[in-house]
Amino acid sequence: MVESNLPILFLKEVVLLPFNEIRIELSGLKEKEIVNIADSSRNGYLVCINLEDSKEENPNIRSLPKIGILSKIKSKIELPNGIIRLVLIGIDRVEILNYIEEDNINAFIIPTKEYDYSLEEANALKRMIIRSLNEYIEISPYISNNVLGRINGINNIGRLADIIAYELPIDYIDKLKYITTPSSISRLRLILEDLNKEINTVKLETEIES
């Protein structure tokens, strides 16, 4: 991907990661205009940016994050009540070189930097994560075992990390760190940490209920 200028869609309370998709409904005039621009003149591509404050209506571009998710419109349905029902596919993380504020906010983007990692550490983390994931699925009602089918046979650690991170039932703010961490090995470490926290929390809940 070369440097591109794409429209920005702000997401609130929902996180899109690469190799995943989300379903959202949009009612605001600005949001619908952004989607229509992406659909008509950008081959369906746009950049999703997450805001920490879900109530923020007019964010200052100087405070916006420098990493977003390149996304593509998979489907768009315009409902009779004026709402647009949208399915977005996460393609990849991108670095925002510059925001441009005109009628809407656009961004010049480039691919994020590639990070080297130790194959031995990656394999060890994958095994530890799979063990923890199986344990968590067994004891917790908060996550489906469908995630195991989704990651079956995947060797790319970046894709593996993004699929598992998307499925983790953690808070919105906690999940934002998976967007802003371009290093695949670092995301695996974060997943193992979050999984172990969730396992300990579920075990404590069970003790309290008993």
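Residues numbered from 1 in each chain as written. Predicted model: local features only at pLDDT ≥ 70, side-chain atom pairs only at ≥ 80, totals over all residues. Heavy atoms only, no water.

A. Seen up close, the overall build of the chain. Per the secondary structure count, the chain includes six helices and six strands. Counting helices and strands in the order they occur from the N terminus, the chain gives β-β-α-β-β-β-β-α-α-α-α-α. Expressed along its principal axes, the backbone C-alpha trace of the chain runs to roughly 55 × 40 × 30 Å. Per-residue burial for the chain yields a buried fraction of 43% across its 210 residues. Working note: accessible area of the chain is about 11,700 Å², and carbon and sulfur atoms make up 47% of it. Here the chain contributes 25 positively and 33 negatively charged side chains, and the mean placements of these two sets differ by 4 Å. (Helix = DSSP H or I, 4+ residues; strand = E, 2+ residues; numbered from the N terminus. Buried < 20%, exposed > 50% of the residue type's maximum accessible area, 1.4 Å probe, protein only. Areas by Shrake-Rupley, 256 points an atom, 1.4 Å probe, with all protein chains shown as cover. Lys, Arg positive; Asp, Glu negative; His and termini not counted. Charge placed at Lys NZ, Arg CZ, Asp CG, Glu CD.)

B. A look at the packing of aromatic side chains. In the structure shown here, the tally under the stated rule is zero aromatic pairs. The side chain of Lys-72 reaches across the aromatic face of Tyr-45, ending 4.4 Å from its centre. The cationic tip of Lys-175 hangs over the ring face of Tyr-166; the distance from NZ or CZ to the ring centre is 5.8 Å. (Phe/Tyr/Trp six-rings, centres within 6.5 Å; stacked < 30°, edge-to-face > 60°. Lys NZ or Arg CZ within 6 Å of the ring centre and 35° of its normal.)

C. Molecular detail of unusual backbone geometry. Positive phi, normally seen in glycine, also occurs at Phe-19, with a value near 70°. In this fold, Phe-19 is placed in the loop between strand S1 (4-11) and strand S2 (21-26). The class of Phe-19 is partly exposed, set by a relative accessible area of 35%. Even without being a glycine, Asn-43 presents a positive backbone phi close to 55°. Residue placement: Asn-43 occurs in the loop between helix H1 (29-41) and strand S3 (45-50). By relative accessible area, which is 62% here, Asn-43 ends up exposed.

D. Here's a closer look at the packing of helix H2 (residues 119-139) against helix H6 (residues 184-209). Running from amino to carboxyl end, H2 crosses H6 at an angle of 25°, the nearest separation of the two axes being 9 Å. Comparing the axis directions of H2 and H6 gives the class roughly parallel. The handedness of the crossing between H2 and H6 comes out as left-handed. Together, Glu-121, Ala-122, Leu-125, Lys-126, Met-128, Ile-129, Ser-132, Leu-133, Glu-135, Tyr-136 and Ile-139 of H2 and Ile-185, Leu-188, Arg-189, Ile-191, Leu-192, Leu-195, Asn-196, Glu-198, Ile-199, Val-202 and Lys-203 of H6 make up the contact between the two elements. (Axes fitted to C-alpha atoms, helices over the stretch in contact; angles between N-to-C directions. Parallel < 35°, antiparallel > 145°, perpendicular 65-115°, else oblique. Left-handed = near helix turned anticlockwise from the far one by under 90°. Contact = heavy atoms within 4.5 Å.)

E. Representation of helix H4 (residues 157-167). With eight of 11 residues buried, H4 is to be regarded as a mostly interior element. Its buried side turned inward, H4 meets strand S5 (84-101), H2, helix H3 (146-151), helix H5 (172-175) and H6. A distance of 2.9 Å separates the backbone nitrogen of Gly-158 from a side-chain oxygen at the start of H4, and that oxygen is part of Asn-156. (Polar contact = N/O pair within 3.5 Å; in protein donor to acceptor, adjacent residues only side chain to side chain.)

F. The pairing of strand S6 (residues 105-111), seen in detail. Looking at chain direction, S1 and S6 are connected through four bridges and run antiparallel. Paired with Ser-4 across the strands is Ile-109, a residue of S6. Relative to S6, S5 runs antiparallel, the two being bridged by seven bridges. By the bridge assignment, Glu-101 is partnered in S6 with Ile-105. With antiparallel pairing between neighbouring strands as the criterion, S5 and S6 make up a hairpin whose turn holds three residues. (Pairing = 2+ DSSP bridges.)

G. Structural view of the pattern of salt bridges. As enumerated under the stated definition, the model contains 12 salt bridges in all. Measuring nitrogen to oxygen at the nearest pair gives 3.0 Å for the salt bridge that ties Glu-135 to Lys-203. Highlighted residues: Glu-135 in helix H2 and Lys-203 in helix H6, separated in sequence by 68 residues. Residue classification places Lys-203 among the partly exposed residues on the basis of a relative accessible area of 41%. In this structure, the salt-bridge partner of Lys-197 is Glu-193, at a minimum N-O distance of 3.4 Å. Taken together, the residues Lys-197 and Glu-193, both in helix H6 and four residues apart, mark about one turn of the helix. Here the salt bridges share partners, and the residues they tie into one network are Glu-21, Arg-23 and Lys-74. (Salt bridge = Lys/Arg side-chain N within 4 Å of Asp/Glu carboxyl O.)

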